[in-house]
Amino acid sequence: MHIMTRYFLEVMYDGIAFHGSQVQGTTPTIQFEINKALNTLFKEPVESFGASRTDEGVHALCNFYHFDTEQPLRESFVYNMNSILPHSIAVKNIYTADKPEANARFDAIARKYRYRIYSKKDPFLYNRAYYYPFSVDKGILQQTAAIIKEYTLFESFSKRNTQTKTFICNIYQSYWEEENNELHYTVEANRFLRGMVRGLVGTQLQAARGKISVDEFREIIESNNNTNADFSVPGYGLYLEEIKYPDGMLKAFTAFI
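These numbers were taken from a predicted model, which means no experiment stands behind them. Numbering of residues begins from 1 in every chain and follows the order in which that chain's sequence is written. Totals for whole chains, interfaces and linings use all residues, but because this is a predicted model, local features are given only for residues with pLDDT of at least 70 and pairs of side-chain atoms are given and counted only at 80 or more. In computing side-chain properties, one takes all heavy atoms of the structure into account and sets aside hydrogens as well as water.

**Q** Hey, could you run me through the overall build of the protein chain in this one?
**A** Secondary structure assignment for the protein chain yields five helices and ten strands. For this measure, only C-alpha atoms enter the radius of gyration; the expected value for a globule follows 2.2 Å times N^0.38, where N is the number of residues. In terms of C-alpha radius of gyration, the protein chain reaches 20 Å, essentially the compact-globule figure of 18 Å for 257 residues. Projecting the C-alpha coordinates of the protein chain onto the three principal axes gives extents of approximately 65 × 40 × 30 Å. To sort residues, take the accessible area from a 1.4 Å probe on protein chains only and compare it with the maximum for the residue type: under 20% means buried, over 50% means exposed, and anything in between is partly exposed. Each of the 257 residues in the protein chain was classed as buried or not, and the buried ones make up 48%. Any pair of residues with heavy atoms lying within 4.5 Å of one another is described as a contacting pair. Of the contacts made within the protein chain by residues no fewer than 6 positions apart, 75% connect residues no fewer than 24 positions apart. Accessible surface computed for the protein chain: about 13000 Å², of which carbon and sulfur atoms make up 49%. Strands are runs of DSSP state E lasting at least two residues, helices are runs of H or I lasting at least four, and both sets are numbered from the N terminus onward. Per-residue and other accessible areas were derived by the Shrake-Rupley procedure at a 1.4 Å probe size, with only the shown protein chains allowed to occlude residues.

Here it is in structure tokens:
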């Protein structure tokens, strides 16, 4: 008799081919493909639950899904999952949760996103970063990024039709940097709202191009009105880069067979 065990899958994916990460019937999504692979491997229905919902086109260098099974996992589990999954999704690691009620979404203590922009046409960055061939004031971007850290209420940067009950997010990091002829925005928080990072990026770019002032950027945050923010930057420039859990919650998987 095997005991039901909760496992955490760490995955990475190219979001271009998918309609976001969350299951939507039989529409191609990350979660749908993971569930399908788990069902194939275990030969019984197994449902996964994701840590962070990413929109259509958004990529992930790290996202987590938890699932339960009584079946013992083999050493070859990661290899077998990757053999079944499409080429645009890869399992990086598998962990055992320290308690049966551990939850990929609700137990995460921080999430980090990166948004990538490039200004000179490059076919190898197509659908991997946002082509933005305009001159921007990088000093303004650093100012707006610092301003974001002063606030906790981000209703202006939440898309409508969200089920969230609170718009409060604690921002731990918010900064721009230049890397390999690209401009990157990195933001880390305990949680994010639907469309929030794209709204932050789009609205900061408006300030950096002189379309709005830095004071107006601050007013947009304080307005708590999402019609004032700019959500127009595409999903494919965005990467979910890291998810953090409390120390000791996830244990390295050791196969019993």
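**Q** How should I be thinking about the state of the cysteines in this particular structure?
**A** Covalently bonding the sulfur atom of one cysteine to the sulfur atom of another cysteine gives a disulfide. Throughout, a disulfide means two cysteine sulfur atoms within 2.5 Å of one another. This structure, assessed with the given rule, holds zero disulfides. The closest cysteine sulfur to the non-disulfide-bonded C169 is located on C62, 19 Å from its own sulfur. You can call C169 buried: its relative accessible area is 0%.

**Q** Can you walk me through the packing of aromatic side chains in this structure?
**A** Describing an aromatic ring pair means giving the distance of the ring centres and the angle of the ring planes. Think of it this way: a Phe, Tyr or Trp ring, Trp meaning its six-membered ring, pairs with another when their centres are within 6.5 Å, and the plane angle makes it stacked under 30 degrees, edge-to-face over 60, tilted otherwise. The full count for this structure, using the stated rule, is 14 aromatic pairs. Seen from their ring centres, F64 and Y95 are 6.2 Å apart, and the 45° between their planes marks the pair as tilted. On the criterion of sequence distance, the pair formed by F64 in strand β3 (residues 59-69) and Y95 in strand β4 (residues 89-97) is long-range, its members being 31 residues apart. Plain terms: the ring middles of Y132 and F134 are 4.9 Å apart, the flat faces sit at 75° to each other, and that makes the pair edge-to-face. Site record: aromatic cluster; members linked through ring pairs are Y7, F42, F67 and F77.

As far as function goes, none of this settles anything; it's purely spatial.
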